[in-house]
Amino acid sequence: MFVAWGSNLGFLYNDAYAQILGEKHPRALGQPFHEIWAEIWPDIVPFIEAALRGDASWVENLPLTINRRGQDEETFFTFSYSPAFDDEGQIVGMFCTCTETTRQVLAERSLKAGADLFRTMADDAPGMIWITDPSGYCTYLNRRWYEFTGQVEEEALGLGWTKATHPDDEERAAAEFMAANAARAPFYIEYRLRRADGVYRLAIDRAEPRFGPDGEYLGYIGSVFDIGDREEVEEALRESEANYRYAAELNPQTAWTAAANGQLDRVAERWREWTGGSGLGASWGEAIHPDDLQRSIDVWTGSVTMGEPYDIEHRVRMVSGEYRWMHSRAYPRLDEQGRILRWYGSTEDVHERKLGEEHLHLLINELNHRVKNSLATVQAIASQTFRNPENFERSKQDFSARLVSLARAHDVLTDANWVGASLREVINRTVGPHLGEAGNRFELDGPDVMLKPKAALAMSMALHELCTNAVKYGSLSVDGGRVGIAWRTQPVQGGERLRLVWTERGGPPVAKPSRKGFGSRLIERGLAAELGGDVEIAFDPRGVICTIDAPLPAPDERLP
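This write-up is about the structure you can find in this document. Quick caveat, the model's predicted, so the values are computed rather than measured.

**Observations concerning the environment of Ala84**
Link 1 in the chain: With respect to the element layout, Ala84 can be found in strand S4 (residues 72-85).
Link 2 in the chain: For the pair Ala84 and Trp5, spaced 79 residues apart in sequence, the C-alpha separation works out to 8.0 Å.
Link 3 in the chain: In this structure Ala84 touches Trp5, Gln90, Ile91, Val92, Gly93, Met94 and Phe95, once residues within four positions along its chain are discounted.

**Examining the pairing of strand S7 (residues 138-141)**
Link 1 in the chain: Relative to S7, strand S6 (residues 128-132) runs antiparallel, the two being bridged by 3 bridges. Paired with Trp130 across the bridge in S7 is Leu141.
Link 2 in the chain: A loop of 5 residues connects S6 with S7, the two strands running antiparallel in sequence, and Gly136 in this loop sits at a positive phi of about 100 degrees.

**Notes on the sheet that holds strand S22 (residues 543-552)**
Link 1 in the chain: On the basis of which strands lie adjacent, the open sheet formed by 5 strands has the order S17-S19-S20-S22-S21 and mixed pairing. Both edges of this open sheet fall to strand S17 (442-445) and strand S21 (534-540), since each of them pairs with a single strand only. Taken pair by pair, the neighbouring strands of this sheet meet at an average axis angle of 10 degrees, ignoring direction.
Link 2 in the chain: Looking at chain direction, S21 and S22 are connected through 7 bridges and run antiparallel. Among the inter-strand pairings, Phe539 is bridged to a residue of S22, identified as Val544.

**Brief notes about the nonpolar core**
Link 1 in the chain: Residues Leu423, Met459, Ile485 and Trp502 are the most contacted members of the largest nonpolar core, which totals 36 residues.
Link 2 in the chain: Those elements giving two or more residues to this core turn out to be helix H13 (423-431), helix H14 (453-472), strand S19 (482-492), strand S20 (495-505), helix H15 (518-531), S21 and S22.
Link 3 in the chain: Looking at this core, the element that brings in the most residues is H14, giving 9 residues.
Link 4 in the chain: When neighbours within four sequence positions are excluded, Leu423 is seen to be in contact with Val449, Leu451, Met459, Trp487, Leu498 and Leu500.
Link 5 in the chain: Leu9, Phe11, Ala28 and Met94 belong to the second largest nonpolar core, which has 26 residues in total.

Reading guide: rules and limits
- Residues numbered from 1 in each chain as written.
- Predicted model: local features only at pLDDT ≥ 70, side-chain atom pairs only at ≥ 80, totals over all residues.
- Heavy atoms only, no water.
- Helix = DSSP H or I, 4+ residues; strand = E, 2+ residues; numbered from the N terminus.
- Contact = heavy atoms within 4.5 Å.
- Pairing = 2+ DSSP bridges.
- Axes fitted to C-alpha atoms, helices over the stretch in contact; angles between N-to-C directions.
- Core = buried A, V, L, I, M, F, W, Y, C linked by side-chain atoms within 4.5 Å.
- Buried < 20%, exposed > 50% of the residue type's maximum accessible area, 1.4 Å probe, protein only.

So, to be careful, I would describe these as geometric facts and stop short of saying anything about function.
Encoded structure:
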């Protein structure tokens, strides 16, 4: 999200929007809207003008060609623009929340292309292919069906396909299909199918139920073959069985079947490749993690007893000894009286997905923590900076500079994945803008020391205030001025202590100020509190000296 404020619509935005800006960040902070997004300005100016008139707008998947990494990109965004008001209720800017939907739109394009490809392939297939939704309504029949039966789409969809069967077979075909669909079980039937010339031919119609990633039932995909006479029927059955067997063995999941009592009687070879065992009977339990075994047995026993689908995630021991997360599911095939005939199941390796979910949960918790800390820091900076309203323009400049300093410190932590930051890197990022043309205005001397995230942010802000003071009043305000930053660590009981000394030389004579400003308070109080040590600023006539003395955590505690 971002706010475009004032007559030039200057930009302020959060970290999530910085990702959208790409290489435009961080220079986009405070810049006019039309300069940041010049390439799309003509496309979005109507929405901006509407917001400035007081009219909010919402746009879904707007195509925009943007340049944020040195080249044009086709992108899509869903966003809302709303007017932003000042304390007097006047519209002085606009507020935007947005989501980049490029991947979603492109994925939908790809999905449509895949559907078109499937339709083309299915229409060219040698057999008759059909698809139903979960209710049993036939939503698709390929071209071969219409060519063979002479039906048209309006006649065949839904349950209209049964009208192409022999009148003596029609009621049975519809009833057996709907029963199989209700049980979500594999479907198989033989019936006489009317050819376009009026001749009836014996046909086999078979299908397997489809399930989504989360186990939801999607309907059937099936095929119909004209088998002519019994010999052709038997050959088609053998071929179909072979296809099913190869499909089961080559499937990335492990397919298995069980008798009505729950004893596994057929397990794809992949299970042996995974675990080294056959999985037959009750031996599948030998590969289940001890902590998951009883739960797996209880759920399977309950399914077998009640005739309900089996669905569980559990850990399975691989041949290597490693345990991987698996998702096992099974569905019963019932007879006309509702009794279980067989179980059809599969076991899928979901280890990466499971670890990804756990990692995502940790990231979300960490993000919540980081955002709260950042907002608290910004709130404290704003409170102190704007405490004196007499010079608002000066306060605004100071506030922007402090935010930039905070952003630089965040960049250092981001580079290190927020596990800590190098003190030297924090110093280099902070003093970089003040090095001068020759690059020799600072003398740095000290070993490499790692700081925790909170300490790194506090040190960066304190050094920024020292630089700002030196540029305004101290050694960096004249050409010959220099700053020395030296630091050392000293072993003490329970860890180490850091001693850092900031020394200014070559600037105007220094006198102790009559009162302490926010910068001095931030350094002496804020930094001392974050580091748990002592911070002292001395106003030596030759130049300001700031001494920091603070404990460092033990080496094994420095990186959280």
